[in-house]
Amino acid sequence: MVVDRPVDTRVRVGSIELPHAVMTAAGTSGHGAELGRYCDLSTLGAVVVKSLSVMPWPGNPAPRLHPLPEGMINSVGLQGPGVAGWFDEFFPELVRSGGRVVVSLWGRSVDEYRQAALATADGIRRTGRAGDCVIAVEVNLSCPNLEGRRGIFAHDAELSAAVVAESVAALAGAPRPVWAKLSPNTDRLVEIAGAVRAAGAEAVTLVNTVLGLVIDPDTGRPVLGNGGGGVSGRIIHPVAQRAIFDVAAAHPDLPIVGVGGVSSATEAVALLQAGASAVQVGTATFADPRAPEIVARDLVTWAADRGIGRLADLTGVAHRGGIHPLPPAQG
Ligand SMILES: Cc1cc2nc3c(=O)[nH]c(=O)nc-3n(C[C@H](O)[C@H](O)[C@H](O)COP(=O)(O)O)c2cc1C
């Protein structure tokens, strides 16, 4: 098919404009510019780096990854160099790649998130012009709250709101939009999305992995060193669609970054149509490190083939009756 009309690939997520709707997902493309050997990172909407805590963190025992027929289960456990170490060790190469950077943060208490955000503001300031590459901070709320043992942050509206409010305040020295990355493992997702928004999140990122466990029948033991883990990839794509659709229906003015099982343009389209303004590509990158770039390119072709002039027009199509109006109900 001949593409005779350019497609405007720019999208808005809250206060920022991205040159393309497709970005990477946290934790699936390394700490920095590793993916740059396979993709031109500057052509993506943004690169979301692996979640960082205020201190270096060793992660979980091996094995940490196990393939599934349509995805994988992992318990990497957020291994990382800590925010300050990351700015020193990994950020410079990422800046040279020309990509826009979303820094992802995690913590085990509200105060650890606050300290991670303070360290991020410090890193942005001390790196001068390079710090301009950091366009947003994504707060990964799918972490257990070890203070008072109150479960997963993202399963509790009050705790999630507290993390977001503290992170926004801590970033005052180098203000950046805060995106709250939420968990699909709760029936309170819509309420929690509303709470983080009220606390200052400019967008929500939907979704993180789905809780799972895989037992090896030959040993009778879990295949992952940590026992359970998070399921990702195509297998969770309908979960992501549902989460995005429900949150978009309840909060039509809250920007959503969609993630979950995107490995082709049509899956990216589905998340946009469900209500996302942009999408992230995660697990697909393990099968082919060029996946984010391929999805980005094919999404443009998909839109051009259908005469869709702007990727932004795909957002929320499913809430407007679809591209083709449904036939009148029978009977
Ligand atoms: C190996 C691996 C590591 C991940 N690490 C992080 C992380 O550090 N922070 C985070 O917010 N999400 C992390 N995720 C979740 C992904 O960013 C994404 O939300 C999830 O995998 C669903 O998208 P996908 O199906 O495209 O992978 C990780 C996922 C995988 C598979």
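In short, a report on the structure. (Residues numbered from 1 in each chain as written. Predicted model: local features only at pLDDT ≥ 70, side-chain atom pairs only at ≥ 80, totals over all residues.)

## So, the overall build of the protein chain
Working step 1: Each helix and strand counted, the protein chain has nine helices and 16 strands in total.
Working step 2: Radius of gyration (C-alpha) of the protein chain: 19 Å, near the 20 Å computed for a compact globule of 331 residues.
Working step 3: Taking the principal axes of its C-alpha atoms as reference, the protein chain extends roughly 55 × 55 × 40 Å.
Working step 4: Buried positions account for 52% of the 331 residues belonging to the protein chain.
Working step 5: For the protein chain, long-range pairs separated by at least 24 residues make up 72% of all intrachain contacts whose partners lie at least 6 apart in sequence. (Helix = DSSP H or I, 4+ residues; strand = E, 2+ residues; numbered from the N terminus. Rg over C-alpha atoms; globule rule 2.2 N^0.38 Å. Buried ≥ 20, exposed ≤ 12 C-beta atoms within 10 Å, placed from the backbone. Contact = placed C-beta atoms within 7 Å.)

## Quick notes on unusual backbone geometry
Working step 1: The amide bond that connects Ala-62 to the next residue, Pro-63, takes the cis arrangement and shows omega of -10°.
Working step 2: Cis geometry is adopted by the peptide bond preceding Val-207, which originates at Leu-206 and carries an omega value of 15°.
Working step 3: Mapped onto the secondary structure, Val-207 falls in the loop between strand E10 (203-206) and strand E11 (210-212).
Working step 4: The phi torsion at Leu-78 lies on the positive side, around 60°, for a residue other than glycine.

## Structural notes on the sheet that holds strand E15 (residues 256-259)
Working step 1: With parallel pairing, the eight strands of this open sheet are ordered in space as E3-E16-E15-E10-E9-E8-E7-E4. The open sheet has two edge strands, strand E3 (22-24) and strand E4 (47-48), and neither has a second partner.
Working step 2: Against the sheet, helix H5 (residues 189-198) engages strand E9 (178-182) and E10, with an angle of about 165° to E9. (Pairing = 2+ DSSP bridges. Axes fitted to C-alpha atoms, helices over the stretch in contact; angles between N-to-C directions.)

## Describing helix H6 (residues 237-250)
An α-helix turns once every 3.6 residues. As a result, residues three or four positions apart point the same way.
Working step 1: With 14 residues, H6 should reach 20 Å at 1.5 Å per residue; the first-to-last C-alpha distance of 20 Å fits that figure.
Working step 2: Among all positions in H6, only Ala-240, Gln-241, Ala-243, Ile-244, Phe-245, Val-247 and Ala-248 are buried.
Working step 3: Of the surrounding elements, those touching the buried residues of H6 are H5, E10, E15 and helix H7 (265-274). (Expected span 1.5 Å × (residues − 1).)

## Side note on the pairing of strand E6 (residues 71-74)
Two faces, one strand: in a regular strand the side chains alternate between the faces of the sheet.
Working step 1: Covered by surrounding structure in E6 are Gly-71 and Ile-73 together with Met-72 and Asn-74, the residues of both alternating faces.
Working step 2: Strand direction decides the pairing type here: strand E5 (residues 65-68) and E6, joined by four bridges, are antiparallel. Within E6, the position partnered with Leu-65 by the bridge is Asn-74.
Working step 3: Connecting E5 to the antiparallel partner E6 that follows it, the hairpin turn spans two residues.
Working step 4: Where E6 lies against strand E14 (residues 229-232), three bridges are found, and the strand directions are antiparallel. Looking across to E14, one finds that Asn-74 is bridged to Gly-230.

## Digging into the site of the ligand
Working step 1: Of all residues adjacent to the ligand, which total 25 residues, the nearest are Ala-26, Gly-27, Ser-232, Gly-282 and Thr-283.
Working step 2: A breakdown of the residues in the shell around the ligand according to their chemical character gives nine nonpolar, 14 polar and two charged. (Near = placed C-beta within 6 Å. Nonpolar A, V, L, I, M, F, W, Y, C, P; charged D, E, K, R; others polar.)

## Let's talk about the sheet that holds E6
Working step 1: Spatially, four strands are ordered E5-E6-E14-E11 in an open sheet, and the strand pairing comes out antiparallel. Among the strands making up the open sheet, the edge pair consists of E5 and E11. Recorded for the sheet is a direction-independent mean angle of 30° between the axes of neighbouring strands.

## Examining the nonpolar core
Working step 1: Formed by 108 residues in total, the largest nonpolar core has its most connected members in Val-204 and Ile-244.
Working step 2: With residues near it in sequence (within four places) discarded, Ile-244 still touches Leu-206, Ile-256, Gly-258, Leu-271, Ala-274, Gly-275 and Ala-276. (Core = buried A, V, L, I, M, F, W, Y, C linked by C-beta atoms within 7 Å.)

## Topic: the pairing of strand E8 (residues 134-140)
Working step 1: Across the seven residues of E8, six count as buried, placing the element largely inside the fold.
Working step 2: The sheet contact formed by strand E7 (residues 101-105) and E8 spans five bridges and is parallel. Counterpart to Ser-104 in the pairing with E8 is Glu-138.
Working step 3: For the crossover that starts at E7, traverses helix H3 (residues 110-126) and ends in the parallel E8, the hand is right-handed.
Working step 4: In this sheet, E9 lies alongside E8 in parallel orientation, the contact comprising four bridges. Across the sheet, Glu-138 pairs through a bridge with Trp-179, a residue of E9. (Right-handed = clockwise from strand over helix to strand, strands pointing away.)

## Quick notes on the packing of H3 against helix H4 (residues 157-170)
Working step 1: Contact geometry for H3 and H4: axes closest at 8 Å, N-to-C directions at 25°. The pairing of H3 with H4 is recorded here as roughly parallel in orientation. Where H3 crosses over H4, the handedness of that crossing is right-handed. Taken together, the residues of H4 that come into contact with H3 (itself represented by Val-110, Tyr-113, Arg-114, Ala-117, Leu-118 and Ala-121) are Ala-162, Val-163, Glu-166, Ser-167 and Ala-170. (Parallel < 35°, antiparallel > 145°, perpendicular 65-115°, else oblique. Left-handed = near helix turned anticlockwise from the far one by under 90°.)

## Topic: the packing of H7 against helix H9 (residues 291-305)
When two helices pack together, their arrangement is captured by the angle between the axes and the distance separating the axes.
Working step 1: Two elements in contact, H7 and H9, have axes separated by 8 Å at closest approach and are oriented at 75°. Taken as axis vectors, H7 and H9 run roughly perpendicular relative to one another. Contact residues: H7 offers Ala-265, Thr-266, Ala-268 and Val-269, while H9 offers Val-295, Asp-298, Leu-299 and Trp-302.
Working step 2: The residue inventory of the contact of H7 with H9, partitioned by class, reads six nonpolar, one polar and one charged.

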